[in-house]
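Okay, here's what each chain looks like letter by letter:
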Amino acid sequence: MKKMTPQTLAGLSDRTKLVYAGRDPSEQFGFVNTPIYRGSTVLAPTMEELLNRSNRFVYGTLGTPTSEALEKAWSAISGAEGTVCVPSGLAAVTVAILSCVKAGDHLLITDSVYRPTREFAEGFLKRYGVEVSYFDPMIGEEIEKLIQPNTTAIFTEAPGSQTFEIQDIPALARIAKKHGATLLMDNTWATPFFFPPHEMGVDLAIEAGTKYLSGHSDLLLGMVSANERSWKALRSTYLQLGLCAGPEDMFLALRGMRSMLLRLKEQEKAALDVAHWLKARPEVEKVLHPAFADCPGHEIWKRDFKGSSGLFSIVLKPASQKAVAAMLDDLLLFGMGYSWGGYESLIIPFDPKPYRSATQWNEKGPALRIQIGLEDVEDLKRDLDAGFARLRAAHP
Ligand SMILES: Cc1ncc(COP(=O)(O)O)c(C=O)c1O
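Predicted model, so just to flag it, every value in this text is computed and none were measured. (Residues numbered from 1 in each chain as written. Predicted model: local features only at pLDDT ≥ 70, side-chain atom pairs only at ≥ 80, totals over all residues. Heavy atoms only, no water.)

1. Considering the sheet that holds strand S8 (residues 284-288)
Taken together, 4 strands build an open sheet; the order of strands is S8-S9-S11-S10 and the sheet is antiparallel. Two strands lie at the open edges of the sheet, namely S8 and strand S10 (346-350), each paired on one side alone. Taking each pair of neighbouring strands and ignoring which way they run, the sheet shows an average axis angle of 25 degrees. In terms of strand pairing, S8 meets strand S9 (residues 311-316) through 4 bridges, oriented antiparallel. Residue pairing in the sheet places Val-287 in a bridge with Ile-314 of S9. (Pairing = 2+ DSSP bridges. Helix = DSSP H or I, 4+ residues; strand = E, 2+ residues; numbered from the N terminus. Axes fitted to C-alpha atoms, helices over the stretch in contact; angles between N-to-C directions.)

2. Things to note about the site of the ligand
Close to the ligand lie 13 residues, the nearest being Gly-89, Leu-90, Asp-186, Thr-210 and Lys-211. Here an oxygen atom of the ligand and a backbone polar atom of Gly-89 are 2.7 Å apart. At 2.6 Å, a side-chain N or O of Asp-186 approaches a nitrogen atom of the ligand. Protein coverage of the free-state accessible area of the ligand, which is 390 Å², stands at 89%. For the shell around the ligand, the residue count by class is 5 nonpolar, 5 polar and 3 charged. (Near = heavy atom within 4 Å. Polar contact = N/O pair within 3.5 Å; in protein donor to acceptor, adjacent residues only side chain to side chain. Areas by Shrake-Rupley, 256 points an atom, 1.4 Å probe, with all protein chains shown as cover. Nonpolar A, V, L, I, M, F, W, Y, C, P; charged D, E, K, R; others polar.)

3. A few points about the pattern of salt bridges
Pairing between side chains of opposite charge can happen when the charged atoms of each approach one another. Counting across every chain of the model gives 26 salt bridges. Here Glu-283 ties to Arg-281 by a salt bridge, and the two come within 2.9 Å at their closest N and O atoms. Across the pair, exposure class does not vary: Glu-283 and Arg-281 are buried alike. Close ionic contact of Lys-381 with Glu-378 constitutes a salt bridge, the shortest N to O distance being 3.2 Å. Residue Lys-381 and its partner Glu-378 are both found in helix H14 (residues 377-394); the two are separated by 3 residues, about one turn of the helix. (Salt bridge = Lys/Arg side-chain N within 4 Å of Asp/Glu carboxyl O. Buried < 20%, exposed > 50% of the residue type's maximum accessible area, 1.4 Å probe, protein only.)

4. Notes on the side chain of Ser-230
Structurally, the position occupied by Ser-230 is in helix H9 (residues 228-241). If sequence neighbours within four positions are ignored, Ser-230 has contacts with Thr-182, Asp-203 and Leu-204. (Contact = heavy atoms within 4.5 Å.)

5. Here we look at the nonpolar core
Membership of the largest hydrophobic core comes to 58 residues, with the highest contact counts inside it found for Leu-213 and Leu-221. Mapped by element, the contributors of at least two residues to this core are helix H4 (65-78), helix H7 (169-178), strand S5 (182-186), helix H8 (191-194), helix H10 (247-258), helix H11 (260-279), helix H12 (298-304) and S9. The residue makeup of this core includes at least three contributed by each of domain 1 (1-87 + 96-100 + 203-258) and domain 2 (261-394). Counting 28 residues, the second largest nonpolar core, distinct from the first, contains Val-95, Leu-107, Ile-109 and Ala-121. (Core = buried A, V, L, I, M, F, W, Y, C linked by side-chain atoms within 4.5 Å. Domains from an automatic or database assignment.)

6. Focus on the domain arrangement of the chain
The domain architecture assigned to the chain consists of domain 1 (1-87 + 96-100 + 203-258) and domain 2 (261-394). Carbon and sulfur atoms supply 56% of the area that domain 1 and domain 2 bury against each other, a total of about 1,100 Å² over both sides. The interface formed by domain 1 and domain 2 holds 0 salt bridges in total. Ranked by the residues each element gives to the side of domain 1 that touches domain 2, the list is headed by helix H2 (residues 14-20), at 3 residues. Its residues assigned to classes, the side of domain 1 that touches domain 2 comprises 3 nonpolar, 6 polar and 3 charged. (Buried area = accessible area lost by both parts, 1.4 Å probe.)

7. Regarding helix H5 (residues 89-98)
For H5, a buried count of 8 out of 10 residues is recorded, marking the element as mostly surrounded by other parts of the structure. Of all the positions in H5, only Gly-89, Ala-91, Ala-92, Val-93, Thr-94, Val-95, Ala-96 and Ile-97 are classed as buried.

8. A look at the sheet that holds strand S6 (residues 204-208)
Ordered in space as S1-S7-S6-S5-S4-S2-S3, the 7 strands form an open sheet in which the pairing is mixed. Lying at the two open borders of the sheet, with one neighbouring strand each, are strand S1 (82-86) and strand S3 (131-135). Averaged over all pairs of adjacent strands, the angle between their axes in this sheet comes to 20 degrees, without regard to strand direction. Pairing between S5 and S6: 3 bridges, direction parallel. Across the sheet, Met-185 pairs through a bridge with Ala-205, a residue of S6. This element, H7, spans S3, strand S4 (151-157) and S5 of the sheet and lies at about 155 degrees to S5. Sitting on the sheet, H9 is in contact with S1, S5, S6 and strand S7 (222-226), with an inclination near 30 degrees to S1.

9. Points about the pairing of S4
Of all the 7 residues making up S4, 7 are buried; the element is thus mostly covered by neighbouring parts of the structure. Note that strand S2 (residues 106-110) and S4 share 4 bridges and pair parallel. In the strand pairing of S4, Ile-109 is matched with Phe-155. As judged from the 5 bridges shared by S4 and S5, these two strands associate in the parallel manner. When the bridges of S5 are listed, Thr-156 appears paired with Met-185. Taken together, S4, H7 and S5 constitute a β-α-β crossover, and its handedness is right-handed. (Right-handed = clockwise from strand over helix to strand, strands pointing away.)

10. Section: the packing of aromatic side chains
Taken as a whole and judged by the stated rule, the model has 8 aromatic pairs. Ring centres of Phe-124 and Tyr-128 lie 4.7 Å apart, and the angle between their planes is 20 degrees; this geometry places the pair in the stacked category. Note on Tyr-128: relative accessible area 49%, which makes it partly exposed. An angle of 75 degrees between the planes, with centres 6.5 Å apart, marks the rings of Phe-164 and Trp-189 as edge-to-face. Taken together, the positions of Phe-164 in the loop between S4 and H7 and Trp-189 in the loop between S5 and H8 put the pair 25 residues apart, joining distant regions of the chain. The pair formed by Phe-164 and Trp-189 is uniform in burial state, with each residue classed as buried. Taken together, Phe-164, Trp-189, Phe-195 and Phe-305 form an aromatic cluster joined through their ring pairs. The cationic tip of Arg-118 hangs over the ring face of Tyr-134; the distance from NZ or CZ to the ring centre is 4.1 Å. (Phe/Tyr/Trp six-rings, centres within 6.5 Å; stacked < 30°, edge-to-face > 60°. Lys NZ or Arg CZ within 6 Å of the ring centre and 35° of its normal.)

Below you can see the structure in the form of structure tokens.
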């Protein structure tokens, strides 16, 4: 078998790339998968090599064959110069931001951001002298009006967490570039398969590997991929923070990666099916799914995205909390729990009103975020149908 080079890998389709990226059986005695390398100490053969750090691997926190396999694979998939793997999606957010802001800088963040990202900005960043302000996710090129002389970074997330606004990333990239600011994007929902971040102008792309890369709700992991401009600062911030991910988690991520696109496409199909069914329900006011016209930024999604994944939200017609609880508490297949991207369907109520600052959430009815897993869609619809019957009975 011929050896796969980065150049040959780059020329393959996404589906084939996923099979061959991040492994070299010739380095593993012919075994197909890169195994779990555990370890801190790496012995240097000579004092000169120890002092020059010229060995391929020097110390556990600086990289192992397992981390290198996942980083290289993710860079190949994302079209990135380099990738770092960290212990959670939230750590990926924080290391990415820390690599491009310092005291006195101004950071712009989308108002629809994942809430713990906002909490990091409000707590940690403000404490360390970084100025933070929020923008309407639908702002597009108008973001230029919010740029200050000290704005060094713009943080986006498309679609918005829970509320699903799709942002005009190429427009934000144009303005960021014009003003020398770094554009960061949490791309966990679309993944590089449905939105190639760096090709679209993003400097630092965040992926919570906990979600679709894992696919099995059994690990926590984050990745940040960088283009050439942002790679050096990202890698050095990551090393200074000692934020290396655990070897077992990276191994499981590499394993999950092989089937990631298949799961993603299956979950995309099932989520669209369930979302269309929900759209026709009398109890549902709105479906917030980027492939639906109800969703802010739907036209941008059609222009820039290659697909949608298995997560979306709905807004119900006004109903009491007790009625929503009656619907959710007795669901058989939809579990109530945080995170998403696994094989099992989930549902959670949410209310963004208390923490929005640049925009307002004006929906009157309760909102639910739905993750569609790998179950049969007809079973899922039956489960929701019975839930709606309980909702109606509790809130006639
Ligand atoms: C959009 C988004 N980004 C980042 C994260 C954080 O990932 P983790 O749970 O691995 O910290 C989440 C988790 O739900 C998320 O939804």
